[in-house]
Each structure stands twice: as structure tokens, then as C-alpha cells.
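# Architecture at a glance
What follows is each chain in one-letter form.
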Amino acid sequence: MTARRLRVLVVEDSLTVRRRVCDALATDPGLEVVGEADNGQRAIELCQSLRPDVMTLDMCLPIMSGLSATEYIMAHCPTPILIVSASVNRGELFKTYDALAAGAVDVLEKPRGDGSDDDWDQKLVAAVRLVAKIKVITHPRARLALARAPQSAPPVVKDLATPSSSPLSVIALGASTGGPSALVSVLREIPSRRGVLILLVLHIDEPFGSAFAEWLSEQTPHAVRFAQGGEPLEAAEGRALMAPPGRHLIVEGTRLALSNAPERHSCRPSIDTLFESVARYAAPQSAAALLTGMGRDGASGLLALRQAGGFTVAQDEETSVVYGMPREAALLGAATRILPLGEIGRCLAEALKLRARSG
């Protein structure tokens, strides 16, 4: 029996780019373009009527923007979305991050029309096939305001309320697919506190990762910036440092370092690399959370942290966009707690309070 072809909706206002996308998808016999749209409103209409398996979506569209279309689609007819957009300016990058936070799965840069595009068709086909595998859920944009709404009492973290516990000095977070919204949710719940440094790794490639730290700063109470290497671990209030795209972030003694070492699990920056370095130099004065993402990066590092005395959390299956990395951590016994996304930030915040009282 012939396998059913994946049904793709292509949304792009430029006829030239739309034809390039459709022609590239036509090279794969397992893909079928079932519809084309040149504006956000038409994209919603076709998504509702055709119910595609996956859609490619530009951000800059007439009538209704790609961001607005993403928010509506993920709230009313959830569909795996691959953003195919340019990265020409800060405003467009921020719209891309907003769309990823609203439920879009991944992003691919548009072809540039030069020699660097030779393998673009293959990249597009691979990305569409990968995104189509993600089981998306209804994702209202209001979820990003979760921290502003009334919440139940934070979970009790008895593990940390022992006389031998040391005050937390480092909180490390790692995420991949679905990570933008997950990081926002967690960071909004963690208070800015003098002496506590937050370290972040997100799998997002250049050129789309270039402004992500700045975007996180606007979404959360933390002053997030990309690490430069050489920074001391002693942190001023509200400081959060993120691994820049293409560089590993490492704790070395009392300072941070950046590395061009080979990829781990096809990732650079690698969450495992960060977590393991925190385990060597900052445990047990550390806590870490491994959030939604594909693959296994971060699982063994989270285990190293727990074994060194750090407090570790993994996101649960129900709230993960992709239950890959957290699942691997759970199977290894790397997580002190397995929690839904809405509780992780509050759990870490409570850990800060308990460690401060017992330290």
C-alpha cells in the first residue's frame, strides 16, 4: 500500500518565492501542495477548509500578518507551522520569535538568490517533513500571560529545605523545539535576585538567533544578553546570560567561557555541555530545568547535575511541544521533579526562597 502523502499549505505573498517553495516541495513524492495563499486571512481560510498536515508561512503578509495568522490558527485549528521568512531586521526577527512563542514549530530563512542557496530546496523538504511530525496542541496567545494571571500556590520543594543546603547561585535552563514560549513562562516566575546568575541555552540557529536575548529581555523581568566569555559567576540582580548561536556556554571555575568545540547531539550550543560544566563547578549551589525539545541533548547533563547535588527539573509530557529531551531525562532518572510548564518557574522561585533561608 502506498503511504499517504503529507499535505502542505504554502503561504507566501511573493509569487517568485512561492513558486520556489512549491517547486522544491514537488521534488519529494511524499509531499503534496494542496493549497497556496498570498495573505494571512486567506491562509486561515485554507487551513480551516483543507486541514493540511503542515504549512509554510511567511511573516510579512498583506491583509493579516503571519504572526496574527499563527495566533489564530494555533488557537482555532492547530497545524504544524514552519516559518519561512527573511531575517533582515530586528522587527521581523521579533515577529518570528513571537510566532514561535505562539505555537509555530520551527523557522527556515528564505532563499537569498545567491550561491548560498544551492542546498535550500533540500533543507526546506527536510524541515517540512520534520515539522509535520510534531503533534501540536491548541495554543492561545494568552498562554504567554500565564504568569500575570492568578496562580495556585507554588509546589513545595522540601528537598531543598535542609540545613546542609547552600544558597543557589546558578540556575541553568535548556530548551529546543517549543523553547521560546517555555523560556518566557519559566523566566517570568523567577524573581530577579542579587547573587543568582541565570544561564540559558536554546537551540536556534543563525541568523534567527541573533536578537533572541533582546527579545527575551522584553518578555520577562530579566536583563537577558548573550554571553561574551570571561564574565564572573557573581551576578548582579536580574542578570541572565544566554549562549550565543554557534557557541557552547561553559562554566570554568569562577567564570564563564565560550567554546567552538564540536557539536554534541548535532547541537552547538549544547545543553549537555552547559549542564555538565555547572555540575563540575557550581553544584550543589545550582538548579536546572530541561524544557521541551527534540532529541536527547541535556539529559545526561541534567543527570550529572543531580548526582553532583544540584536540584533538577524536567518538563512533563503533556505540556511539552516535543517530549524528547525531557523524556530522555526522565528515563535516566535525571530529574528531581517532573512538572508541567506552568509550575517550573514557580518551583525554581520557591527553591531560591528555601535555599536563602537555609543557607
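In this report, we go over the structure that sits alongside the text.

## Comments concerning the packing of helix α8 (residues 271-281) against helix α9 (residues 299-307)
- Taken N-terminus to C-terminus, the directions of α8 and α9 make an angle of 10°; their axes are 7 Å apart at the nearest point. The angle between the axes of α8 and α9 places the two elements in the roughly parallel class. Where α8 approaches α9, its residues D272, F275, E276, V278 and A279 are matched on the opposing element by A299, S300, G301, L302, A304 and L305.
- Of the residues in the contact of α8 with α9, the class split is seven nonpolar, two polar and two charged.

## Structural notes on the packing of aromatic side chains
- One pass over the full model with this rule turns up four aromatic pairs.
- On the numbers, 6.1 Å between centres and 45° between planes, the contact of F94 with Y97 is tilted. Here Y97 and F94 lie together in helix α4 (residues 90-101), a separation of three residues that amounts to about one turn. Each member of the pair, F94 as well as Y97, is classed as buried.
- Centre to centre, the rings of Y97 and F212 are 5.1 Å apart; their planes meet at 85°, and the pair counts as edge-to-face. Of this pair, Y97 sits in helix α4 while F212 sits in helix α7 (residues 212-219); the two residues are 115 residues apart in sequence, bridging distant segments of the chain.
- Judged by relative accessible area, which is 0%, Y97 ranks as buried.
- A relative accessible area of 0% means that F212 is categorised as buried.

## Here we look at the pairing of strand β9 (residues 239-242)
- The alternating pattern of β9 places R239 and L241 on one face and A240 and M242 on the opposite face, and all of these are buried.
- In this sheet, β9 lies alongside strand β7 (residues 197-202) in parallel orientation, the contact comprising three bridges. From the neighbouring strand, I198 faces β9, where its bridge partner is A240.
- Inspection of the sheet shows strand β8 (residues 223-226) paired to β9 by four bridges, in the parallel sense. Bridge assignment links A223 to a residue of β9, and that residue is R239.

## Observations regarding a negative patch on the surface
- A cluster of acidic residues, D106, D205, E206 and E263, forms a negative patch at the surface.
- Counting through the fold element by element, D205 comes out in the loop between β7 and α7.
- With relative accessibility at 60%, the residue D205 sits in the exposed group.

## Some details on the packing of helix α2 (residues 40-50) against helix α3 (residues 66-76)
- Packing of α2 against α3 brings their axes to within 9 Å, and their N-to-C directions diverge by 20°. As far as their axial angle goes, α3 and α2 are roughly parallel. α3 is crossed by α2, and the crossing has right-handed handedness. Residues G40, I44, C47 and Q48 of α2 touch α3, and the partners they reach there are A69, Y72 and I73.
- Taken together, the residues that form the contact of α2 with α3 break down as five nonpolar, two polar and no charged.

## Concerning the pattern of salt bridges
- The final tally for this structure, using the stated rule, is 15 salt bridges.
- The salt bridge partner of R19 is E36, with a shortest N-O separation of 3.1 Å. Here E36 lies in strand β2 (residues 31-37) and R19 lies in helix α1 (residues 15-26), a separation of 17 residues in the sequence.
- On the basis of relative accessible area, R19 is assigned to the partly exposed category, the value being 33%.
- On the basis of relative accessible area, E36 is assigned to the partly exposed category, the value being 33%.

## A few points about the nonpolar core
- Ranked by internal contacts, the top residues of the largest apolar core, which has 87 residues, are L124, L173, L216 and L348.
- For this core, the element with the most residues is helix α5 (residues 120-132), which contributes seven residues.
- Excluding residues that lie within four positions of it along the chain, L216 makes contacts with L183, V184, L187, L200, V224 and M242.
- Within the second largest apolar cluster, 31 residues are counted, among which are F275, A279, A283 and L302.

Thresholds, definitions, all that
Residues numbered from 1 in each chain as written. Predicted model: local features only at pLDDT ≥ 70, side-chain atom pairs only at ≥ 80, totals over all residues. Heavy atoms only, no water. Axes fitted to C-alpha atoms, helices over the stretch in contact; angles between N-to-C directions. Helix = DSSP H or I, 4+ residues; strand = E, 2+ residues; numbered from the N terminus. Parallel < 35°, antiparallel > 145°, perpendicular 65-115°, else oblique. Contact = heavy atoms within 4.5 Å. Nonpolar A, V, L, I, M, F, W, Y, C, P; charged D, E, K, R; others polar. Phe/Tyr/Trp six-rings, centres within 6.5 Å; stacked < 30°, edge-to-face > 60°. Buried < 20%, exposed > 50% of the residue type's maximum accessible area, 1.4 Å probe, protein only. Pairing = 2+ DSSP bridges. Patch = residues over 30% accessible without salt bridge, like charges linked within 9 Å, V, L, I, M, F, W, Y side chains within 5 Å. Areas by Shrake-Rupley, 256 points an atom, 1.4 Å probe, with all protein chains shown as cover. Salt bridge = Lys/Arg side-chain N within 4 Å of Asp/Glu carboxyl O. Lys, Arg positive; Asp, Glu negative; His and termini not counted. Charge placed at Lys NZ, Arg CZ, Asp CG, Glu CD. Left-handed = near helix turned anticlockwise from the far one by under 90°. Core = buried A, V, L, I, M, F, W, Y, C linked by side-chain atoms within 4.5 Å.

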